[in-house]
Structure formats: C-alpha cells, structure tokens
Amino acid sequence: MLSEALLCFGASSITMDEEDASENSDKISMESIFPEGKDVNVCISRAAKSIGLKEIPHYEVKMGEQYDWIKKTQESFHPVEVIEGVWVVPEWITPPDVQATNIILNPGLAFGTGEHPTTKMCLLLLHSLIKGGELVLDYGTGSGVLAIAALKFGAALSVGIDVDPQAITSACQNASLNNIRPEKMQLHLVPGNACPPSINERTCGVVEEQKSNGMGVICGTEEYDVVIANILLNPLLDLADNIVSYAKHGAVVGLSGILSEQVPYIIERYSPFLEGISVSETDDWACVSGRKKRKSC
C-alpha cells in the first residue's frame, strides 16, 4: 500500500528488498526514487497519511545524479502483455509483437505503466466493455494509459483528468507517442478538491498549454458510457458522488487502486449509485465495477 501511495504522490519508482519482505522479518526495506525538485518529506508524509499510517516510517534521503534515476527507472519497466494481442510497451523497447495492439508509454513522473495489478484489471475491464464508439472518462489519468487503451480498443473519445500537472504532461506526450490526435483524447487539469459537477461552466481546469492544441473543455455530467477511476481508497470514497455523476444511466463505472480487503468499503459507498456490482482480484488488489442505476420514475 505504501509503495502504491508513494508512486501516486511523486515517486518515480519503488524497489523492495525481497529478503527483508520475508515472513521471518517484521521490517521491509524500500527504496524510492524521486525526481529532483520534489519535496520528498511532503511526498512521504502525504503517502503515509493517505493509507492511514499513524507514524511516518523511518527514512533517509540520498542525492544522486539525474542520469542514474532516469536509467534505473527505465530499467524497471518491461513490456506487459495484458491479454493476448494487447501489450503495454515502454517507449525505449521494441514491441515483442508488432502486429498486436501496442500501447506505447513513457510514464515519466506519472503513475500507470501497465505492470501494476490495478492497471491490468482496468485494462481488462475496458477491453471487455468497449465495442466501438463509446465516450470514456479516465478519472485520475496518470500516464494516460487507460485513456489511450480505450481509444485503441475502439472508443470514439477519451477524456483524462488529473490533479497533477506532471500527469497531464505525461499523458499528453504518451498520446503523441501513440499517434492520437488532441481531439480524440482530451486532457484536463482539475482542482485538487475534485471536479465540480459540470465544468462546462468554467475553463480554469484546462491545462493552459493544452488550449493551443485545440482541446475542448470536458463534457458535463451524465455524458460517458464508461467512467474508470484507478486512484486510491480515500479519494474513491470521498469523491464517489462526483465520479458517478459523469456516467450515463446504465453506463459502467470501474473503480480500482484498492486492496481486496478494502472492497467492502467501496461496495458500501457505491451501492446507492451502482447495480450489478462485480469484483475482480489479482495479487491482493481489486477492481470493482457496476452499472449506474437508472432514475426511478
């Protein structure tokens, strides 16, 4: 959980000492790489708080050369086959199958490489849902991997939103790597206290440098055929009303970034909004999905 949170709050990569992680030890040694300029103390504090740790783990900070962390981060990423014929491939590696659906990524400083179980489950959910022509909202887009995948699977439009400017920059670059035009994949920076019910009424959430690329303002509520949010437990609980508000009635809402043991909290929070709720699990992580309830007459 802590490694996941650190990635969301600014770490570029995480490694854990497998020997320290054995059942015979009550301590785990983790190494996190942060880009220069990041306030490591703030990132660690926020990460610990987001998963409910009462005390911040002991840590020390060592400065390294920029080249070292870039190279080390790249070496930690490998091509991932999500399902037969669908690969997520780092930009610097030749796709293992050039005939496959290849999602090319340079994650940069944003979360979402295709390797994490929650990303894989969200990709599988999108692959099963998209038949062609859908409007998809990626709520917390990170590297843009889910928004890009939706288009490659046949969606008509993807919209990605995030509170992190670096995520928007990364997603925009990854869209270009996949030859996706700005009008097909719209990206928006939104306030940290979540999107308002409809941001058609305001433009402050749109990244300034994106305006020149012709990216319009995100569509209003009840517009999307699929809404997917691969974030963390607390924001999923706090922003439930807002997340669901973007989905059409009968549309699928997918929720991930949670551990299997946290599923009951998500089901309890989203049951008033969703029906036909189902859960998929991989390596102690989970993805919850359901269809938005139709208004009663």
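Calculation criteria
Starting from 1, residues in each chain are numbered consecutively following that chain's sequence as written. Side-chain atom pairs in this predicted model are given and counted only at pLDDT of 80 or more, local residue features only at pLDDT of at least 70, and totals for whole chains, interfaces and linings cover all residues. Side-chain metrics rest on all non-hydrogen atoms present in the structure, leaving aside hydrogens and water. Labels follow the DSSP assignment, with helices taken as runs of H or I lasting at least four residues and strands as runs of E lasting at least two, numbered in each case from the N terminus. Here the term buried applies to any residue with accessible area under 20% of the maximum for its type, exposed to any over 50%, and partly exposed to those in between, with areas from a 1.4 Å probe on protein chains only. What makes two residues a contact is simply this: any of their non-hydrogen atoms within 4.5 Å. Every accessible area reported is derived by Shrake-Rupley at a probe size of 1.4 Å, with residue values counting cover from the shown protein chains alone. Salt bridges are defined as contacts in which a side-chain nitrogen from Lys or Arg sits within 4 Å of a carboxyl oxygen from Asp or Glu. The directions from the helix axis to the C-beta atoms form the arc being described. Whenever two N or O atoms come within 3.5 Å, that pair is a polar contact, provided that in protein one can donate a hydrogen and the other can accept it, and provided that, for residues adjacent in sequence, both atoms are side-chain atoms.

The name given to the protein in an unreviewed UniProt entry is ETFB lysine methyltransferase, and the organism recorded there is Carpinus fangiana.

Caption draft 1: The arrangement of the overall build of the protein in detail. Of the regular secondary structure elements, the protein holds 10 helices and 12 strands. Here the protein holds 297 residues, and 47% of them are scored as buried. Here the contacts in the protein between residues at least 6 apart in sequence split such that 61% fall between residues at least 24 apart. Carbon and sulfur atoms make up 49% of the accessible area of the protein, which totals about 15,000 Å².

Caption draft 2: Molecular detail of the environment of Ile231. Mapped onto the fold, Ile231 is located in the loop between β9 (224-230) and α8 (233-238). Taking the C-alpha atoms as reference points, Ile231 and Thr141, separated by 90 residues in sequence, lie 8.8 Å from one another. Not counting residues up to four positions away in its chain, the partners in contact with Ile231 are Glu4, Tyr139, Gly140, Leu236, Ile243, Ser256 and Gly257.

Caption draft 3: The arrangement of the pattern of salt bridges in detail. The tally for this structure, following the rule as stated, stands at three salt bridges. Between Lys248 and Asp225 there is a salt bridge, and its shortest N-O distance comes to 3.0 Å. One end of the pair, Lys248, is in strand β10 (residues 247-259); the other, Asp225, is in strand β9, and 23 residues separate them in sequence. By relative accessible area, Lys248 is classed as partly exposed at 33%.

Caption draft 4: Representation of helix α2 (residues 40-50). Along α2, the positions that sit buried rather than exposed are Val40, Cys43, Ile44, Ala47, Ala48 and Ser50. Buried residues along α2 cover an arc of 165° about the axis, so they all sit on one side. Exposed residues pointing more than 90 degrees away from the buried face of α2 are listed as Arg46 and Lys49. Packed against the buried residues of α2 are α1 (2-8) and α8. Where α2 begins, the capping side chain belongs to Asp39, and its oxygen is found 3.3 Å from the backbone nitrogen of Asn41. Gly52 sits one or two residues past α2 and shows a positive phi near 85°.

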